[in-house]
Amino acid sequence: MLDLKFIRENVDLVKQSVKNKNEKADIDALINLDEKKRKAQFEFDNLRAEQNRVSKEIALLKKEKKDASELLSEMQSLATKIKEISVDLSDLSASLDTYVLTVPNIPHSSVKIGKNEEENTIIREWGEKREFSFTPKEHTEIAEGLNLLDITRGAKITGSGFPVYTKHGALLERALINFMLDFHIQKHGYCEVMVPHIVNRQTMTGTGQLPKLENDMYHINEDDFFLIPTAEVPVTNLYANEILPLDKIPQKLVAYTPCFRREAGSYGKDTKGLQRLHQFNKVEMVRFVHPDDSWTILEEMCQDAEEILQALKLPYHVLSLCTGDMSFASAKTYDLMVWVPGAQKYLEVSSVSNFTDFQARRANIRLRDADGKVNFVHTLNGSGLATPRTFIAILENYQNEDGSITIPDALLPYMHGMTRI
RNA sequence: GGAGAGGUGGCCGAGCCGGCUGAAGGCGCACGCCUGCUAAGCGUGUGUAGGCUAAUCCCCUACCGAGGGUUCGAAUCCCUCCCUCUCCGCCA
């Protein structure tokens, strides 16, 4: 969330960014509420000060065995008044909180203002698209020929969007996960964490998924728990409500988790095969950094993600998202789009974002700076990468005319000696 | 799931038959002094948030797991919930 004081002092900027992000936060109502709340707070503080002062007098009188009944009866009405105001005050702060949580992060000045994904900018391209001597097939056809997936039985045991990976498909999926984890740990110096796949409401609010995306989450009623839509949620919240010493910053974490998304409202869009799933695997990088460094680190993290595609020799381009296509909490986002020759298009396999202090303020993650002052950290995260579409890209880019696929060199150590499937 | 104990400041740890306790004492840390050599001693300081303010000084308010209640007044009493530990049960 944004700092209330910042919102108060930059009303126009905040309103503009709400608009640019296609959000609906009512800033005027928020400001109005904020004024009321502060007024109530002021009144409350003063009355409490009075109450505290007189209470001390009463204590003294009692100590000296003097009569305090006059003061006591006076204080009764004050106590009643304080109670009334404190009810108002907590109502006001509760609704103010809900308002503040609906205000999106301010996009960085380098982000293009635009309505939707059509206005994103390609900022670089990598790799050569392979020339095929035959017509490349789509991944669904390749997977079927090689028995890598069992979409039908996945749908039977759970529902559509819950794929089953079979035999070499399962091995390839696991190889991808392990390859990515090892790569980030060994080449980029990340520290692996294994985290719960189910989190509570506070955690889901900390990273900004709630309240906006509640309908997109799988929810467990009895405990008010949520299945994580990304490892970003549990990993970023690891340090919620903590003040980190400077020597713990920067922090580079990487985690593999499955991700669960209801994808409400996106039915029928890109649903073929593994393109859009309710459960999928992802390796996620999360970083906690000093506010001065986050823009440099964003570039670095994007490279970290790109290097996975480079190691797999998969052609891709990098998009800088426009304001309208960025997520609620992000200040700037790069998407990595991998080329898939069968379907003849680019698929998003990674999203790398700088959240500045937006998530840190929500989750209350702070650092003690060199001067001893306490500040919010900056958080960033990036997929490195989501496996299903990487899986698709491997099938389609590495396919042979006979329907087999060649294993990319980078994955060979993880494939039990196989060079082809 | 059953029984018991407990959750206090960076850490340890008092307070818990309500009233100068935002919180003793110790450790740690910072600065200073002294001394001089990889130490000890002495002094001072050392939470977060909001308000006030030119101000990181004062001053006011809130916070002793979370949320309610009783009271003029609660870390201290009552209720609900959460978590940790020990024992038992169950189980990978």
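Overview of the structure. (Residues numbered from 1 in each chain as written. Chains lettered and ligands numbered in written order. Predicted model: local features only at pLDDT ≥ 70, side-chain atom pairs only at ≥ 80, totals over all residues. Heavy atoms only, no water.)

**Concerning the protein's contact with RNA strand B**
Convention followed: Near residues are defined by distance, with any heavy atom within 4 Å of the molecule or strand qualifying the residue. We call two N or O atoms a polar contact when they sit within 3.5 Å, provided that within protein one can donate a hydrogen and the other can accept it, with sequence-adjacent residues counted only if both atoms are side-chain atoms. Strands are runs of DSSP state E lasting at least 2 residues, helices are runs of H or I lasting at least 4, and numbering of each runs from the N terminus.
The environment of RNA strand B is made up of 18 residues, and the closest members are Asp45, Arg48, Asn52, Leu72 and Gln76. Put simply, 70% of the atoms of RNA strand B that lie within 4 Å of the protein are in sugar or phosphate. With respect to RNA strand B, the side chain of aspartate 45 contributes an N or O atom lying 2.8 Å from a sugar or linking oxygen. Interatomic distance of 3.1 Å between a side-chain N/O atom of arginine 366 and a sugar or linking oxygen of RNA strand B. Going through the elements one at a time, α3 (27-63), α4 (69-100) and β12 (365-368) are the ones with two or more residues in the surface near RNA strand B.

**Here we look at the pattern of salt bridges**
Test applied: Counted as salt bridges are all cases of a side-chain nitrogen of Lys or Arg within 4 Å of a carboxyl oxygen of Asp or Glu. Remark: exposure states derive from per-residue accessible area (1.4 Å probe, protein chains only) relative to the maximum for the residue type, with buried under 20%, exposed over 50%, and partly exposed in between.
Per the counting criterion, the structure on display carries 18 salt bridges. Between lysine 66 and glutamate 64 there is a salt bridge; the shortest N-O distance is 3.0 Å. Here aspartate 224 makes a salt bridge to arginine 201, at a shortest N to O gap of 2.9 Å. You can see aspartate 224 sitting in the loop between β4 (219-220) and β5 (225-227) and its partner arginine 201 sitting in helix α8 (residues 201-206), a full 23 residues away along the chain. Classification of aspartate 224 by relative accessible area gives partly exposed; the value is 27%. Residues joined in a network through salt bridges with shared partners are Arg8, Asp34 and Arg38.

**Quick look at the nonpolar core**
Applicable threshold: Note on terminology: a nonpolar core comprises buried Ala, Val, Leu, Ile, Met, Phe, Trp, Tyr and Cys residues joined through side-chain atoms within 4.5 Å. Contacts are assigned to residue pairs that have any heavy atoms within 4.5 Å of one another.
In terms of nonpolar packing, the biggest core is built from 58 residues, with Leu312, Phe391, Leu411 and Met415 touching the most fellow members. Tallying contributions element by element places helix α7 (residues 168-188) first for this core, with 9 residues. The residues touching leucine 411, leaving out its near neighbours within four places in the chain, are Leu172, Ala175, Leu176, Phe179, Leu312 and Ile394. Grouped together as the second largest cluster of nonpolar side chains are 30 residues, Ile27, Leu33, Ile58 and Phe358 included.

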